[in-house]
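A look at the structure
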Amino acid sequence: MEGKVTEMITIVANFNVKPDCVDKFIKLAAECTRSTRKENGNLSYKVFQARSDSSKFTFIEEWLNDVAIEKHNNAPHFKTFIDLIAPLTEGEPSIEQIMRVPAIR
């Protein structure tokens, strides 16, 4: 990749949490967020809750590159988080990787 500048990668991950599990999900998300923000290559990691439905959560993450994302996905704290939230959520999460359009600043 010498000479080529790669734009950061943004991940948008949406989770539907069982209504009676929201507090537990928030606690686990806070723990995961604290650990993730310390990772090399993590530029930003934020968790949002829908105003219209308190059981819907969106993670917006910014990463330096694919290597950083891969390391995060294999980090023990992240794997534990995914395992612990599985029984708290409904359906599969929606996860999308996006990048800024270079021509639009």
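Read on for an overview of the structure. These figures come from a predicted structure and were not determined experimentally. (Residues numbered from 1 in each chain as written. Predicted model: local features only at pLDDT ≥ 70, side-chain atom pairs only at ≥ 80, totals over all residues. Heavy atoms only, no water.)

**Thoughts on the sheet that holds strand 4 (residues 94-98)**
How we decide: Pairing between strands is defined by DSSP: at least two bridges between the two strands are required. Runs of H or I in DSSP of at least four residues are treated as helices and runs of E of at least two as strands, each being numbered from the N terminus. Axis lines are fitted to C-alpha atoms, over the contacting stretch for helices. Their N-to-C directions set the angle, which ranges from 0 to 180 degrees. When checking whether two residues touch, look at their non-hydrogen atoms; a contact exists if any pair is within 4.5 Å.
Ordered in space as 2-3-1-4, the 4 strands form an open sheet in which the pairing is antiparallel. Strands at the two margins of the open sheet, each flanked by one partner only, are strand 2 (42-49) and strand 4. Strand-to-strand twist of the sheet, defined as the mean angle between neighbouring strand axes without regard to direction, takes the value 15°. Summarising the sheet, strand 2 and strand 3 (residues 56-63) pair through 7 bridges and their orientation is antiparallel. For Q49, the partnering residue across the bridge sits in strand 3 and is F57. Helix 1 (residues 22-36) rests against strand 1 (9-16), strand 2 and strand 3 of the sheet, and its axis sits at about 170° to strand 2. Contacts between helix 2 (residues 66-73) and the sheet are confined to strand 1, strand 2, strand 3 and strand 4, with strand 3 contributing the most and set at about 135° to the helix.

**Overview of helix 2**
Because each turn of an α-helix spans 3.6 residues, side chains separated by three or four positions end up pointing in the same direction. Filter applied, for reference: Exposure is judged per residue with a 1.4 Å probe applied to protein chains only, and the accessible area is read against the type maximum: over 50% gives exposed, under 20% gives buried, and values in between give partly exposed. This arc is built from the directions going out from the helix axis to the C-beta atoms. Here a polar contact is taken to be a pair of N or O atoms separated by no more than 3.5 Å, where protein atoms must pair a possible hydrogen donor with a possible acceptor and residues adjacent in sequence count only if both atoms sit in side chains.
All buried positions along helix 2 are accounted for by A68, I69 and H72. Mapping the buried residues of helix 2 onto a view down its axis gives an arc of 100°, with all of them on the same face. Away from its buried face, by an angle of more than 90 degrees, helix 2 presents the exposed residues D66, V67, E70 and K71. A side-chain oxygen of the first residue of helix 2 lies 3.2 Å from the backbone nitrogen of V67; this N-cap is N65.

**Quick notes on the nonpolar core**
Selection criterion: Buried Ala, Val, Leu, Ile, Met, Phe, Trp, Tyr and Cys residues that are joined via side-chain atoms within 4.5 Å together make up what is termed a nonpolar core.
Ranked by size, the top nonpolar core spans 22 residues in total, and within it F25, F59, F81 and I85 carry the most contacts. Listed by contribution, the elements that provide at least two residues to this core are strand 1, helix 1, strand 3, helix 2 and helix 3 (76-85). Among the elements that take part in this core, helix 1 stands out by supplying 5 residues, more than any other. Apart from the residues within four sequence positions on either side, I85 is in contact with F15, F25 and L28.

**Examining the pairing of strand 3**
For a regular strand, side chains alternate in direction, first toward one face of the sheet and then toward the other. Only one face of strand 3 is covered, namely the face carrying F57, F59, E61 and W63; the face carrying K56, T58, I60 and E62 is uncovered. Sheet topology places strand 1 next to strand 3; 8 bridges connect them, and they run antiparallel. Paired with V12 across the bridge in strand 3 is I60.

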